[in-house]
Amino acid sequence: SGSACAYFPGKKYTYVRTYDFPKESALLFEGVYRKATIQVDGKPVAYTAYGYSEFKVPIPAGVHTVTVIADNSETPNSRWYSGSGIYRPVWLCVGLSNNVKITTISIAPVAVINITSDSEVSILDNGKLIASGKGNMTIPNAKLWSDESPYLYSWTCKDESGSFGIRKIEWSPKGLFINNKETLLRGGCVHHDNGILGARSYAESEYRRVKILKENGFNAIRSAHNPCSSAMLDACDKLGVYVMDETWDSWYLRKTKFDYALEFEDHYIQDLTSMVEKDFNHPSVIMYSIGNEVSEPATDKGVTLAEDMASILHSLDSTRPVTAGFNLMIIANSAKGKPIYKDGEQVQKQSDMSNMSSTMFNLITSVVGTGMNKTANSAHADKITSPVFKTLDICGYNYASGRYPLEQKAHPERVIVGSETFPQDIAKNWILVKKYPYLIGDFCWTAWDYLGESGLGAWAYAKDGKGFVKPYPWLLADCGVFDILGNPNGELFLAQAAWGLLKNPAISVQPINHKEKPAKMVWRGTNSLPSWSWKGCDNRRAIVEVYSTAPTVELFLNGKSLGTKNLKLCKAVFSVPYHPGTLRAVAYDITKSPVGESRLHSSEEPLSLNVSPEVTQAKPGSIVYVPISISDQSGTLESNADEQLSVLVENGELLAFGSANPRTEESFVSGTYSTYYGRALAVVRTGDPGETMVVAEGKSLGSKIGRIKVKA
């Protein structure tokens, strides 16, 4: 499957299960990658081409054998790690669906919701019945749902139940308003995989990722570049995170040899319908995206298709805006590449740029850098892209921040969102978001590192790390505000400072334990980590980054001042010799008065393993994350004493064990893996009531046990 899919192979997978269906039922498949054929008693009854769409298969009462054949044998077919087979849950839906859809009609002076259903619906507030029926219904003293107060009601209808939130979405050049309050989207793009678990989607995994993002300042997620799982939407509903749910990475023009473009035109209406049916009652979903960086809008056919898709979505759901992550350079240069004819004769050949796609854009960007933000500033780019932007309610700009100030005059009717941006640009971009009402937010690439697009953002020290396409064994994109384990880097602190969420200065240090200078990719602004613990690196030059909203910051090492610097776009950089001890940053206001400080400490001998389950009590069969680190007796992480560890689980199952190393031949399912900058992670499924024990062992570090109490 190449570097895009992290070199994992594709195959054909067959699942068979015989089950006694108690009455007329349906199987709900949340996701099968890909080309899923469903057979009942050997007869084909359903086929779904898209690997990210939910679909239902009716099953009659009685004993039946269900066969699922997932065909992912033709690769490459994705620009990132897709996974294979049944990677999301399958549900047995007993009885017929009541097709419950709940819409907020108004929020003031009283809240009114509309319920469409085949049967009467009961509305409950914290378990208490407050209303029942169908049609328009008043909810007294309604509590509204938003990112700041994600209040959920529940509903029941015969054998079905669910949750919903009461909230109102409005958008115009004056801004995005949730419940009449202007809302700026502090967003990040997120791929579907769950790191060391691969593509497998567990409710606990999705909740953990959303929780970490929300706790660190994000209030919005773009599901890049396919519909996200129901479990992720549930988590966003509960935690208060807005979602841009996206459909596809390609339309009918291919980006890889065997990708979905080959079947897109036969199935896109089914895909749109499936997404809306999944999303409708989720208050977190505030907009639908009809694609990412497609070049088709350079043609009349592509514009007509976009118009058709927007119309379909509006007919299925009139309450949410339609957007797309359009790359203006890709569309503009695709149009440039068309041959020119005069009097029936070709007078200009088709240029090479006619094949402009996400892959080519990435290749060019890896050389040009963030200057790509200005490549769409031309009158040509504006002219070519304007027709397709007229089909959207909110115009998503990928890597086109140079156009933000221009649109106030050029297109005063537009509402814009930065649907994909470089993380190092957040401070500049956020100034514009706050300045221009029509610019409603920013989604950086990317919020969380992922499998595939191997080395896309790497600051690579290995000799094979130069260039955009990196060879095996490169595994991860190696970009993201958080690594695949959920640990932050300097890019998080920059975003938090830009958003005004940092109370104290944050210190982050570029790895000191490399003598080589890294080959840098543009999708990462820094590879710094919040660590001043680099064993054996005394006197080496350390690049220290300090992030703050204050105008100046002073850096101290073991009580001695290393100088004062002004912050530019929330960041100051110091070059200092490394010595163990305490690194302290003090921020000052314009009167030179201290307004906050922070510290990093070096570890001290002896070092040992730290095994710390994030949940210490769980039910049988729960998914529990267990961070494992190398640290001293006080818990200070050591970043330069990595070694290979082994993990065993007693009374439970080890689902995965690994680190955030972007280049390795180690396997997440072997039970053996090396730490990376002192960290690793195990994911376990708890066993029977009693205690699940996670035993980690290193050659020089001995063993440690993490304990999880299991109660039924």
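Residues numbered from 1 in each chain as written. Predicted model: local features only at pLDDT ≥ 70, side-chain atom pairs only at ≥ 80, totals over all residues. Heavy atoms only, no water.

Q: Whenever I open this one, the overall build of the protein confuses me. Can you help?
A: Along its length, the protein carries 10 helices and 47 strands. For a compact globule of 712 residues, the expected C-alpha radius of gyration is about 27 Å, and the protein comes in at 26 Å, within 12% of that figure. Its C-alpha atoms give the protein principal-axis dimensions of roughly 75 × 70 × 55 Å. Counting across all 712 residues of the protein, residues that qualify as buried make up 58%. The contacts in the protein between residues at least 6 apart in sequence include a share of 70% that link residues at least 24 apart. (Helix = DSSP H or I, 4+ residues; strand = E, 2+ residues; numbered from the N terminus. Rg over C-alpha atoms; globule rule 2.2 N^0.38 Å. Buried < 20%, exposed > 50% of the residue type's maximum accessible area, 1.4 Å probe, protein only. Contact = heavy atoms within 4.5 Å.)

Q: Explain the pairing of strand 2 (residues 25-29) to me, please; I cannot follow it from the model alone.
A: With five of its five residues buried, strand 2 lies for the most part within the structure. Neither face of strand 2 is open: one carries Ser-25, Leu-27 and Phe-29, the other Ala-26 and Leu-28, and all of them are buried. Relative to strand 6 (residues 55-59), strand 2 runs antiparallel, the two being bridged by five bridges. If you follow Ala-26 over to strand 6, its bridge partner there is Pro-58. As judged from the five bridges shared by strand 2 and strand 9 (residues 90-94), these two strands associate in the antiparallel manner. For Leu-28, the partnering residue across the bridge sits in strand 9 and is Trp-91. (Pairing = 2+ DSSP bridges.)

Q: Just to check I follow, could you spell out helix 2 (residues 230-239) for this structure?
A: Along helix 2, eight of the 10 residues are buried, which leaves the element largely enclosed by surrounding structure. When helix 2 is considered as a whole, its buried residues turn out to be Ser-230, Ala-231, Met-232, Leu-233, Ala-235, Cys-236, Asp-237 and Leu-239. On the buried face of helix 2, the contacting elements are strand 20 (185-190), helix 1 (203-215), strand 21 (220-223), strand 22 (242-246), helix 3 (264-279) and strand 23 (285-292). Phi turns positive, to about 85°, at Gly-240, one or two residues after helix 2.

Q: Before we go on, may I ask you to explain the pattern of salt bridges in this structure?
A: Between side chains of opposite charge, pairing is possible as soon as their charged atoms come close. Here the structure, examined in full by the defined rule, presents 29 salt bridges. Of the charged contacts in the structure, one is a salt bridge between Lys-23 and Asp-159, with a shortest N-O distance of 4.0 Å. Residue Lys-23 is found in the loop between strand 1 (12-21) and strand 2, and its partner Asp-159 is found in the loop between strand 15 (153-157) and strand 16 (160-164); the two are separated by 136 residues along the sequence. Exposure remark for Lys-23: the relative accessible area of 38% places this residue in the partly exposed category. Between Lys-535 and Glu-605 there is a salt bridge, and its shortest N-O distance comes to 3.1 Å. A residue pair is termed long-range when its members are at least 10 positions apart, and Lys-535 in the loop between strand 32 (519-520) and strand 33 (541-547) and Glu-605 in the loop between strand 38 (594-601) and strand 39 (608-611) qualify at 70 residues. A relative accessible area of 41% means that Lys-535 is categorised as partly exposed. Judged by relative accessible area, Glu-605 falls into the exposed class, the value being 54%. Residues participating in the shared-partner salt-bridge network are Arg-79, Asp-249, Lys-255 and Glu-453. (Salt bridge = Lys/Arg side-chain N within 4 Å of Asp/Glu carboxyl O.)

Q: When you look at the packing of aromatic side chains in this model, what are you seeing that I'm missing?
A: Remark: the centre distance and the inter-plane angle together describe each pair of aromatic rings, the angle taken between the planes. All told, the structure shown has 31 aromatic pairs when counted by the stated rule. Measuring from centroid to centroid gives 5.3 Å for Phe-264 and Tyr-268, while their planes differ by 15°, and the two rings are stacked. With Phe-264 and Tyr-268 both in helix 3 and four residues apart, the pair spans about one turn of that helix. On the basis of relative accessibility, which here comes to 0%, the residue Phe-264 falls in the buried class. In this structure Tyr-268 comes out as buried when scored by relative accessible area, which is 13%. Ring centres of Trp-430 and Trp-499 lie 6.3 Å apart, and the angle between their planes is 70°; on these two criteria the pair is classed as edge-to-face. Here Trp-499 lies in the loop between helix 10 (490-498) and strand 31 (506-509) and Trp-430 lies in helix 9 (residues 426-435), a separation of 69 residues in the sequence. Neither Trp-430 nor Trp-499 differs from the other in exposure class; each is buried. The ring of Trp-474 has Lys-470 sitting right over it, with the charged end atom 5.8 Å from the ring centre. Over the face of the ring belonging to Phe-574 we find Lys-565, whose NZ or CZ atom lies 5.3 Å from the ring centre. (Phe/Tyr/Trp six-rings, centres within 6.5 Å; stacked < 30°, edge-to-face > 60°. Lys NZ or Arg CZ within 6 Å of the ring centre and 35° of its normal.)

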